[in-house]
Amino acid sequence: SAKHAGGNRIMCFDPKQEAEMRERLILEKQLRSALENQELEIYYQPKILVKDGSIQSIEALTRWRDASGEWISPERFISIAEESALIVTLGRWVLLSACRQFVNWERSGKAPELLSVNVSPKQFQLGNMVQTIREVIEETGMDPRRLAIEITEGLLMNNSMEIAEELRQIRSLGIKIAIDDFGKGFSSLSYLHLFQPTHLKIDKSFIDNMLYDSGQMSIVSAVIHLAHNLKMAVIAEGVENMEQFNRLKAEGCDYVQGYLFAKPLPAEEIERFASSYLQHGDKRFRVG
Ligand code: C2E
Ligand code: MG
Ligand code: MG
Ligand code: MG
């Protein structure tokens, strides 16, 4: 392959690979200008407290339509942003915008307890995460005790000692830390000790399969017990049906998130969803 052909890593003989590379470069350029022109949007998805069915928090999820109006999946544009320092700009923008929105909701009495924002480990490596968070809190008046950051474990392996120290500083501000997609990547139990997260989010793939695969169910159950023994709260992501909800409830899972409750929605729609959920409730989830 090109990699072994000599020092030139750009050399690419596979036309398919070359086309993919060219498209990524175009997308990177478009994403850069979308950020400059404030064309990205944030959607919000609720997390439900299993114990009483209330909306405990909301997660900010970034949305982007390219120049031709087509939705680009976050997985794709986040990975493109991670290849350049764009992730630092994007990450700061998401944090600032979501905190600003949350503070507005707080002032009008519409905010749940917590706001979760996804953070890429690359933001730690390429930017100054602690300083960014401090600045955003200052700028928006966000209560740090009502902020949680979600980090996927995959990239945490690099510079793990440095990241652990920064996470310690972030936690000391009162901010919660969740390990996202737990179990999906190169999970190592030693990370739980090193990063001292407050929350674990069990990856959707386990939730998808747990009702049909007793091995996966055992993993879900073991992760819940492990987290509780370490004084962490557990969230199940990608909950799509009542059977999954009931099973997770029986296993003692603390929070659930998924299409069963709500899809990620624009700010005004999540407001409407929350107020009708509060008024009418959903008898299947709500207690009392
Ligand atoms: P994530 O943080 O694990 O978010 C959960 C993803 O699962 C979201 O996809 C959400 O829309 C989707 N989801 C939630 N419930 C269900 C369900 O019941 N069924 C199904 N099929 N899907 C469900 P989304 O919004 O496409 O985001 C994908 C990933 O992109 C996120 O995974 C996160 O890792 C990343 N991402 C999104 N926004 C940001 C951001 O602002 N910053 C960073 N660093 N990453 C982000
Ligand atoms: Mg997340
Ligand atoms: Mg996740
Ligand atoms: Mg996931």
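Since we're looking at a predicted model, the values are computed, not measured.

Turning our attention to the overall build of the protein. Check the secondary structure of the protein and you find eleven helices and ten strands. By the compact-globule yardstick of 19 Å for 288 residues, the protein fits well, its C-alpha radius of gyration being 20 Å. Taking the principal axes of its C-alpha atoms as reference, the protein extends roughly 65 × 45 × 40 Å. Looking at the protein residue by residue over its 288 residues, the buried ones come to 48%. Across the protein, the fraction of contacts at a sequence separation of at least 24, relative to all contacts at a separation of at least 6, is 68%. Distance between charge centroids for the protein: 3 Å, based on 34 positive and 40 negative side chains.

Here the focus is the site of ligand 1. Around ligand 1, the structure places 22 residues, and the nearest of them are Thr62, Arg63, Asn118, Glu240 and Tyr259. Bound to the protein, ligand 1 loses 85% of the 800 Å² it would expose on its own. Here ligand 1 is seated within the largest pocket. The leading source of residues in the shell around ligand 1 is strand S2 (residues 55–65), at four residues. For the shell around ligand 1, the per-class residue count stands at eight nonpolar, six polar and eight charged.

Another aspect to go through is the coordination of the magnesium ion (ligand 3). The magnesium ion (ligand 3) binds to the protein through Asp180 (OD), Asp181 (OD) and Glu237 (OE), with metal-donor distances spanning 1.8 to 2.3 Å. The sequence motif formed by the donor residues of the magnesium ion (ligand 3) is D-D-x55-E. If you look at the magnesium ion (ligand 3) and the magnesium ion (ligand 2), they sit 4.0 Å from each other and are both ligated by aspartate 180. Placement of the pair is aspartate 181 in strand S6 (residues 176–182) and glutamate 237 in strand S8 (residues 233–237), with a sequence separation of 56 residues. Here the two residues aspartate 181 and glutamate 237 agree in accessibility, since each one is buried.

This part covers the coordination of the magnesium ion (ligand 4). Around the magnesium ion (ligand 4), the protein supplies Asp181 (OD) and Glu237 (OE) as donor atoms, at distances of 2.2 to 2.3 Å. Judged by relative accessible area, aspartate 181 falls into the buried class, the value being 17%.

It is worth spelling out the side chain of lysine 47 at this point. Within the secondary structure layout, lysine 47 lies in strand S1 (residues 41–49). The class for lysine 47 is buried, based on a relative accessible area of 3%. Not counting the four nearest positions on each side in its chain, lysine 47 is found in contact with Ser54, Ile55, Gln56, Ser57, Glu59, Ser116, Glu150, Lys201, Ile235, Val256 and Gln257.

What follows covers the packing of aromatic side chains. Tallying each qualifying case throughout the model produces six aromatic pairs. Consider the rings of tyrosine 43 and tryptophan 71, whose centres lie 6.3 Å apart with planes at 75°: the pair is edge-to-face. Here tyrosine 43, found in strand S1, pairs with tryptophan 71, found in strand S3 (residues 71–72); they are 28 residues apart in sequence, far enough to count as distant. A residue is classified by how much of its surface remains accessible, and tryptophan 71, at 42% relative accessible area, is partly exposed. The interplanar angle of 40° and the centroid separation of 5.4 Å between the aromatic rings of tyrosine 191 and phenylalanine 195 together place this pair among those described as tilted. Placement of both tyrosine 191 and phenylalanine 195 in helix H7 (residues 189–195) is noted, with a separation of four residues, approximately one turn of the helix. By relative accessible area, which is 0% here, phenylalanine 195 ends up buried. Taking NZ or CZ as reference, lysine 263 lies 4.9 Å from the ring centre of tyrosine 259, over its face.

What counts as what
Residues numbered from 1 in each chain as written. Chains lettered and ligands numbered in written order. Predicted model: local features only at pLDDT ≥ 70, side-chain atom pairs only at ≥ 80, totals over all residues. Heavy atoms only, no water. Helix = DSSP H or I, 4+ residues; strand = E, 2+ residues; numbered from the N terminus. Rg over C-alpha atoms; globule rule 2.2 N^0.38 Å. Buried < 20%, exposed > 50% of the residue type's maximum accessible area, 1.4 Å probe, protein only. Contact = heavy atoms within 4.5 Å. Lys, Arg positive; Asp, Glu negative; His and termini not counted. Charge placed at Lys NZ, Arg CZ, Asp CG, Glu CD. Near = heavy atom within 4 Å. Areas by Shrake-Rupley, 256 points an atom, 1.4 Å probe, with all protein chains shown as cover. 1 Å grid on protein atoms, 1.4 Å probe; cavity = no way out; pocket = protein on both sides within 12 Å on 5 of 7 lines; lining within 4 Å. Sits in = over half its atoms within 2 Å of the grid points. Nonpolar A, V, L, I, M, F, W, Y, C, P; charged D, E, K, R; others polar. Donors = N, O, S within 2.8 Å, 3.2 Å for Na, K, Ca; no water. Phe/Tyr/Trp six-rings, centres within 6.5 Å; stacked < 30°, edge-to-face > 60°. Lys NZ or Arg CZ within 6 Å of the ring centre and 35° of its normal.

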